[in-house]
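Structural features, examined
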Amino acid sequence: MIEKKEETTPLPSELPLVPLRRGTVIFPNILAPLEIGRPRSYKAIEEAMNRDKLVVLVAQKDPDQDEPGPEDLYKVGVVGEIVRMLPLPNNVIRVLIGGVKRVRIEEFLQTDPYFLVRIQELQEIVENTPEVEANKRLVVALFEQLWRASRAISPVADNIPPELVGEIKTITDPGRVADIIAYYLGPPYSVSLEEKQGLLSTLSVKERLEKLTTILRRELEVIEIEGRIKSKVEKEIGESQREFILRERLKALQEELGMKEEGVSEWEEYRKKIEAAGMPEEVKEKALKELERLTKMPSIAPEAAVIRTWLDWLVELPWNKRTEDNLDIEYARKVLDEDHYGLNKVKERVLEFLAVRKLKDKTRGPILAFIGPPGVGKTSIGRSIARAMGRKFIRISLGGVRDEAEIRGHRRTYVGALPGRIIQGMRTVGTKNPVFMLDEIDKLGIDFRGDPSSALLEALDPEQNYAFSDHYLEVPFDLSEVMFICTGNVLDTIPPALRDRMEVIEFPGYTEEEKLNIAKYFLVPKQMEEHGLRGELLEITDDALMRIIREYTREAGVRNLEREIANICRKVAVKVASGNTEKTVVDGEAIPNYLGAPRFRYGVAEKEDEIGVATALVWTPVGGDTTSVEVAVLKGKGQLILTGRLGEVMRESAQAALTYVRSRAKQLGIDERFQEKVDIHIHVPEGSIPKDGPSAGITMACALASALSGIPVRKDVAMTGEITLRGKVLPVGGVKEKVLAAHRAGIKTVILPLENKKDLSEVSPKVLEELDFKFVEHMDEVLEIALAKDKALAKTPSVASEGDENEHSSSV
């Protein structure tokens, strides 16, 4: 609508501002309806109504930005007067605003709760010359041509009122004509936001008309091209309809003559496949219905190819094909023991399933989750389970999957749509009851395309998976007979709802004895075979394998152990290939000749009893490990320095440990006011690795007590436990992994919270025999065990009591 109001009074220098999105640019002399919903804009309109109903309207540089800042707005806009305001639901108001005058934003005075700006009025440069009048008439003529051409192609052009075209001809002001036409060059025209803003910013009426002429000529040319394309498309559609009618007539003639149309044999073949697939009745009914649709459409129709692909997937799925389970318990036990050493919990669970299956014909497939560090055999045992049960095996990796459609598939309407990975796997394996492994389930991602873990809820729920629905198939598929096995390194990243549907079996790290047996009976024969070495060419002794385990690998699994064995095999293979066929015996002393210098120090965590250094047991996603906690006491003013990338919980544990030591200063022979004289630095090595958790509390307290009292910590003692301010020792997690780490490191004595005693039931008896466990409830007991008081050294001068200050000179 055209605003005919003339502005005479000067504008205020400060006005509220409303950013315009969706590419909207308001010009002077225009009445424009706007819907205001953003909080800032809402407040700006309210402020304008309370003032003089004037507001600055400025376009955003990014039309879709929700919360633009001052730098996201153009500098030239229009002052508009609010003519009418209508409140709508959901905190939205509709306003009718009339453009008054061009202005430039000089300064943003505030941005919250609404934009308030200082403005400068801009004056048009008007030239009353015959050239300007000629340009105005040309612009009006081009606009009328464009409007008529647009109406001939699309009714969208009716957004421009017909009376507007006639009314523009009566306006004598060239600048006003240019502004009105520029405002109405919105959709369906392809005038960009930058071009419309450029017209608004052009103060010279002559230049504005010239720019508008160029834009109108371009749009008119585009509309003419669209008209030609439309005519061509309508002609092609007419030919397609003619072809369809002729084909239908041909089909009728062939039926009268008893002839078969080309393609009928294909439909009959689909029908036979559907009958033979063994589908449930409702699925079969839908398949036949889609086949009927296929027979009635031309073979060249795009949808025909979609239906053919859908039918191909449907008839190739194992609706009623299953392998017969081998229910021989002893055979299954033998197969599992052949392929894997240990892992008794997993083997027992598989044998239990076979036993129940033997007693009851129809049972739901279990949904197991194997959780443990890398290299402990989670993935490989899946194949052994399938072999033991006589089932087929299929594995898909879920690591890095972020799209829900990867699990459930895309709907058929999308180009190139396919079923999800579960249905793809079922077609690949070809049976209804395979062992289906979902590897790395803890590494599923989530983003704007959906949550794949939520899509797995249906597949991994025994109460629902008998009718699993894939978006592509759109028919239920029975997964209840599938034995699902999920694997992962940690449980924490698996959503609780998904974790609740799985029977979790934890895979602990291997002990040295288990690793030795795995290497001896599985890894060495495997690598010798892969490298073409016979038994008479190579022998690796037990002490050599044990040295590799202790000094060249430090892991919960056996992957690196296998790599080192392969390294030896390669070097022996070079020797054999060079013509030396004598048997090579690799013993412990010869290992450095093949693998180089030892990478890890086996034995105790520390070489000797040290002051201010205690050994902690830690849990990591790849198993347990040992680390040192170091404390240094320096002259200072009571500052506590914590380094080693410690998390918030671990920092608080350090504070609690220091408070405990201060409370026991007198019993430890430490000056009770030591904190006024010293700075304490606690460091946990391997500073590039983030560390957190409360389980190092008693270790830090022990190291602090040692550093301040001058009493060394025993080198063969490792500990774990949370400490309270009163010195209570609380239970922690990951005990099994931590104990195995202590065993690997050659620790002799392990200090554990008393409440963690029950967790040792899962640890190998051999490990329990070789370690001396001390169960404690209070920090005083920890210090009694860990501190080597018979080797006490002099205290540092800063912590010694005042009477002893001149007698001692050593420092930590």
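Our structure is the block above this text.
Residues numbered from 1 in each chain as written. Predicted model: local features only at pLDDT ≥ 70, side-chain atom pairs only at ≥ 80, totals over all residues. Heavy atoms only, no water.

What follows concerns the overall build of the chain. The helix and strand tally for the chain stands at 25 helices and 24 strands. The long-range share in the chain, meaning contacts at least 24 apart out of those at least 6 apart in sequence, stands at 74%. Surface summary for the chain: the accessible area is close to 39,900 Å², and the carbon and sulfur share equals 50%. (Helix = DSSP H or I, 4+ residues; strand = E, 2+ residues; numbered from the N terminus. Contact = heavy atoms within 4.5 Å. Areas by Shrake-Rupley, 256 points an atom, 1.4 Å probe, with all protein chains shown as cover.)

Once that is clear, we can look at the environment of Ile-549. Along the polypeptide, Ile-549 turns up in helix H18 (residues 542-551). C-alpha separation for the pair Ile-549 and Leu-516, spaced 33 residues apart in sequence, amounts to 7.8 Å. Leaving out residues up to four positions away in the same chain, Ile-549 has contacts with Glu-512, Lys-515, Leu-516 and Leu-561.

The next thing to look at is the layout of surface pockets. Quantified by volume, the second largest pocket comes out at close to 740 Å³. For the second largest pocket, the lining is made up of 31 residues, of which Arg-21, Arg-22, Thr-24, Pro-33 and Leu-34 are closest to its centre. Every element with two or more residues in the lining of the second largest pocket is listed here: strand E1 (14-20), strand E2 (31-36) and helix H5 (193-201). For the lining of the second largest pocket, the element with the highest residue contribution is E2, accounting for five residues. Considered class by class, the residues forming the lining of the second largest pocket number 18 nonpolar, eight polar and five charged. (1 Å grid on protein atoms, 1.4 Å probe; cavity = no way out; pocket = protein on both sides within 12 Å on 5 of 7 lines; lining within 4 Å. Points joined across faces, edges and corners; volume = space filled by probe spheres on them. Nonpolar A, V, L, I, M, F, W, Y, C, P; charged D, E, K, R; others polar.)

This part takes up the sheet that holds strand E9 (residues 435-439). Here we have five strands laid out as an open sheet, ordered E8-E9-E12-E7-E13, and parallel in their pairing. Of all strands in the sheet, those bounded by a partner on one side alone are strand E8 (393-397) and strand E13 (503-506). Pairs of neighbouring strands in the sheet enclose a mean axial angle of 20°, with direction left out of account. The pairing of strand E7 (residues 367-371) with E13 spans four bridges and is parallel. (Pairing = 2+ DSSP bridges. Axes fitted to C-alpha atoms, helices over the stretch in contact; angles between N-to-C directions.)

The next thing to look at is empty space enclosed by the protein. In total, this model carries two cavities of 30 Å³ or more according to the counting rule given. Approximately 60 Å³ is the volume found for the largest cavity. Around the largest cavity, the lining residues are Glu-512, Lys-515, Ile-549, Arg-550, Thr-553, Arg-554, Arg-744 and Ala-745. Within the residue set of the lining of the largest cavity, elements represented by two or more residues are helix H17 (512-530) and H18. For the lining of the largest cavity, the per-class residue count stands at two nonpolar, one polar and five charged. By volume, the second largest cavity is sized at about 40 Å³. Forming the walls of the second largest cavity are Pro-19, Arg-38, Arg-40, Ser-41, Asp-66, Glu-67, Pro-68 and Phe-115. Residue classes in the lining of the second largest cavity are distributed as three nonpolar, one polar and four charged.

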